[in-house]
Amino acid sequence: MADALLIDPATVFDNVDERRVEFSASADTDEYAFAAQYDLIEALAAEVPDDRAVALFHRHEGQIMDLAAVALARDPDQAVIVVSENDLA
């Protein structure tokens, strides 16, 4: 498994109903589906995401990518790998 992920910017979207920003990323040659919960984005940005979730996601994309790699290593078999504020610990 790769140490870093490459986020596909065309796949980033705000899933308001689930309160998370979803995206696809590749590690080596494998594609994975991810979701960065609003609580994570809020912790990184020090503001409530609400209608700016995607903009805040992009502002903190490097950190989210690193945390997503950790979440992927923890549980690569999930259909959607959720990255939350708990991953900051």
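You'll find the structure just up there.
Now for a description of the structure that goes with this document.

### Some thoughts on the packing of helix 1 (residues 38–45) against helix 3 (residues 61–74)
- Contact geometry of helix 1 with helix 3 gives a least axis separation of 11 Å together with a crossing angle of 135°. By the angle class used here, helix 1 and helix 3 are oblique. For the crossing formed where helix 1 meets helix 3, the hand is right-handed. Only Gln 63, Ile 64 and Leu 67 of helix 3 make contact with helix 1, whose side of the interface consists of Leu 40, Ile 41 and Leu 44.
- Looking at the contact of helix 1 with helix 3 residue by residue, the class counts come to 5 nonpolar, 1 polar and no charged.

### Things to note about unusual backbone geometry
- The backbone phi angle of Arg 19 is positive, close to 55°, even though this residue is not glycine.
- For Arg 19, the position within the fold is in the loop between strand 2 (13–15) and strand 3 (20–27).
- For Arg 19, a relative accessible area of 42% gives the class partly exposed.
- In this structure, Asp 50 is a non-glycine residue whose phi angle is positive, near 35°.
- With respect to the helices and strands, Asp 50 occurs in the loop between helix 1 and helix 2 (53–59).

Criteria and cut-off values
- Residues numbered from 1 in each chain as written.
- Predicted model: local features only at pLDDT ≥ 70, side-chain atom pairs only at ≥ 80, totals over all residues.
- Heavy atoms only, no water.
- Axes fitted to C-alpha atoms, helices over the stretch in contact; angles between N-to-C directions.
- Helix = DSSP H or I, 4+ residues; strand = E, 2+ residues; numbered from the N terminus.
- Parallel < 35°, antiparallel > 145°, perpendicular 65-115°, else oblique.
- Left-handed = near helix turned anticlockwise from the far one by under 90°.
- Contact = heavy atoms within 4.5 Å.
- Nonpolar A, V, L, I, M, F, W, Y, C, P; charged D, E, K, R; others polar.
- Buried < 20%, exposed > 50% of the residue type's maximum accessible area, 1.4 Å probe, protein only.

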